[in-house]
Every structure is written in structure tokens, then in C-alpha cells.
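Report on the structure
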Amino acid sequence: MNSTSNNPIGVFDSGIGGTSIWKEINTLLPNENTIYLADSKNAPYGQKSEEKILELSIKNTEILLEKNCKVIVVACNTATTNAIQYLRENYNVPFIGIEPAIKPASINTKTKNIGILATKGTLNSGLFTATSSNINKEVTIIEQIGEGLVELIEKGDLTSKKMTDLLTDHLQKLIKHNIDYLVLGCTHYPYLIPQIREVIGTDITIIDSGQAVAKQTKRVLENNNLLNIKNTKVKHRFYTNTTTKVLEFVLGNNQNYTIENLNF
Ligand code: DGL
């Protein structure tokens, strides 16, 4: 254990979506303190320019570093694919990012067609283009921008008719291509899995990267001698720059956490 191992893991996202990753991290690493930053005021990142996404990622990183985070999880595909390289080169803590899981989908597909639902910012990024050009050439990736979904999820709307209609429209454009894997390339989307199942049925496998990110976070902590082995009560602090209500809704009331407003 080194002197910072009791410090929190920092996690940020454009809003509440990264809590789907936070939950996986907390399950795998229950002894770790955490700080979560929900930049909901600036959501969605997915429609913004690369420069703007980088600027927001830098701002979030600096807040987490001021709060003494020992590692930072970029719990946002859009921020990872547009900014993680810069963050790694310019800050002296380990960063863990999240990218759409097209590799496992491309290895396991039988129909040789995989669908991905992600933001425009992720699908247009250089990192995603590079990753997708490296998969098996026999596999076709069908891309669909999840336009409008993050905005509704940020309002706590997972089940309205508006959501169902929008989701059905996006998914139908993917399933008509005979896909057998659907990759969720945005950390907000795991909250829609029951609704997605209603549309796509049970024959298509849904993959997201939450567990992989949690495992990678554990590996990074181990490799840097940063696992928290102190036996003190664990604290989870969530900060949002809009209402606390949607965070309360997605976290439920069985967690040991605080949610506060922060002006950032
Ligand atoms: N949760 C995010 C992601 O994984 C960002 C969504 C957005 O703000 O557009 O891409």
C-alpha cells in the first residue's frame, strides 16, 4: 500500500450514465472510496466538437485531482474516445477509459453483423475509427447514433412513449441488418436494457463494457500498488451541477453515499 491508497477513485461522465460503471466498480472493489462527478449541465457531450469535449474532460479531471483522486475513470465513451490520450499525456495519475466493446462482439458473432448504438461523438472519433478498422474484416459493423436518448435519460425518463418510440426507431435500423450482437457504446444506455429487450427480443446478445472497466480499474490499482487496504468506513461522494433527483433515482436508496450540488 502506498500513501495515497486510501484516496478515492475519481469517476466522471457527462451526467448520470457513468453511474452504470460506478456500480460495477463498487461491486468489484467494495473497499474503495469514490468521488463521482456528473456534468449533467453540459450533457450531452455526444453532439459537441472534439475541442469542447476535451475542454470539459480537462475541467472534470482537474476537479477530481483537487479532491485528491488517486486514479480517474473516464466513465464516458464520448470523453474517452476524444480526450483520454491527452489526459494520459498531461496528468500524472492513471486513467481508465471506456470504449464500445466491438472486439468481443466481432469475435463471437455468427451472422457477421454487429450493431452499435453510441453517440455521434464516439462514432466519429479517431479512436473508434481506429478500433473498428482493426476487427475481423468479414464482420460488418452497423452504426446507429442514439440521438435524443441521453437527453431523456438525463431527465429520468426511461419509459415514456417518447422514449419507446425513439428507441424503437433507432433499434429497428440495426435489427434489419441481421445483427446477433448489439454493443451499447454509451454509459447511459445500460439503464435502457429492459426497454431494448422489448424491441429486439432475446436472440440478440447485448454487450456493454461496465464489467470490463471495473476489472481494468482493479488491475490498474493493483499494478500501481494503490488498492485500499485500510479498514475504515468507505465513503462515496456524488457531485452534480444540476438537480440531485436523477442521481438519487438511478442510485436507489440502499447505498452509503452523499449527493451534493457543485458549481462546475
Ligand atoms: N455517457 C456518455 C457516453 O458514454 C456520454 C453521453 C453524452 O453526453 O452524449 O458516451
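Here, every reference points to the structure presented above.
Summarised in this report is the structure supplied together with it. Each residue is numbered by its place in its chain's sequence as written, counting from 1. In keeping with the model being predicted, local features are shown solely for residues with a pLDDT of at least 70 and side-chain atom pairs are shown and tallied solely at 80 or more, while totals for entire chains, interfaces and linings include all residues. For the side-chain quantities, the full set of heavy atoms in the structure was used; hydrogens and water were omitted.

1. Thoughts on empty space enclosed by the protein
- Buriedness for pockets is judged along seven lines, at least five of which must meet protein on both sides within 12 Å for an open set on the 1 Å grid over protein atoms alone, while cavities are sets there where a 1.4 Å probe fits but cannot get out, and lining residues have an atom within 4 Å of a point. Grid points are joined across faces, edges and corners, and a volume is the space filled by probe spheres set on the points. Under the counting rule described, the total for this entry stands at two cavities of 30 Å³ or more.
- One number sums up the size of the largest cavity: a volume of about 150 Å³.
- Lining the largest cavity are 21 residues, and of these Pro44, Gly46, Thr119, Val150 and Cys186 sit closest to its centre.
- For the purposes of this entry, the term helix denotes a DSSP run of H or I that reaches at least four residues, the term strand denotes a run of E that reaches at least two, and both are numbered from the N terminus. Mapped by element, the contributors of at least two residues to the lining of the largest cavity are helix H3 (77-90) and helix H7 (149-154).
- Top contributing element to the lining of the largest cavity by residue count: H7, with three residues.
- Ten residue types, Ala, Val, Leu, Ile, Met, Phe, Trp, Tyr, Cys and Pro, are classed as nonpolar, four, Asp, Glu, Lys and Arg, as charged, and the remainder, Gly among them, as polar. Looking at the lining of the largest cavity residue by residue, the class counts come to seven nonpolar, 10 polar and four charged.
- Quantified by volume, the second largest cavity comes out at close to 50 Å³.
- Lining the second largest cavity we find Ser20, Ile21, Asn77, Ile98, Leu184, Cys186, Thr187, Pro190, Asp208, Ser209 and Gly210.
- Grouping the amino acids of the lining of the second largest cavity by side-chain chemistry returns five nonpolar, five polar and one charged.

2. Looking at the sheet that holds strand E2 (residues 34-38)
- Two strands are said to pair when DSSP picks up at least two bridges between them. Strand order in the open sheet formed by six strands is E4-E3-E1-E2-E9-E10, and the pairing between neighbours is parallel. The open sheet terminates on both sides in strands that have one partner only, identified here as strand E4 (95-96) and strand E10 (257-261).
- Pairing analysis gives two bridges linking strand E3 (residues 71-74) to E4, with the strands arranged parallel. Following the sheet pairing, Ile72 is matched in E4 by Phe95.

3. With respect to unusual backbone geometry
- For the bond from Ala43 to Pro44, the omega torsion is 0 degrees, close enough to zero to count as cis.
- Position of Pro44 among the secondary structure elements: in the loop between E2 and helix H2 (50-66).
- Despite not being glycine, Lys112 has its phi angle at roughly 65 degrees, a positive value.
- You can see Lys112 is positioned in the loop between helix H4 (102-108) and strand E5 (113-118).
- With a phi close to 60 degrees, Asn178 is a non-glycine residue in the positive phi region.

4. Quick word on the site of the ligand
- It suffices for a single heavy atom of a residue to lie within 4 Å of a molecule or strand for the residue to be listed as near it. What surrounds the ligand is a group of 13 residues, the closest being Ser14, Tyr45, Gly46, Thr78 and His188.
- Identification of polar contacts relies on pairs of N or O atoms within 3.5 Å, with a donor-acceptor requirement for protein atoms, meaning one able to donate a hydrogen and the other able to accept it, and with residues adjacent in sequence counted only if both atoms are side-chain atoms. Between an oxygen atom of the ligand and a main-chain N or O atom of Tyr45, the distance comes to 2.6 Å.
- Note that an oxygen atom of the ligand is positioned 2.8 Å from one of the backbone N or O atoms of Gly46.
- Bound to the protein, the ligand loses 99% of the 300 Å² it would expose on its own.
- Assignment to a cavity or pocket requires that more than half of a molecule's atoms be within 2 Å of the site's grid points. Here the ligand occupies the largest cavity. The accessible surface values rely on the Shrake-Rupley method and a 1.4 Å probe; as for residues, cover is taken only from the protein chains in view.

Take it as geometry only, folks, not as evidence of what the structure does.
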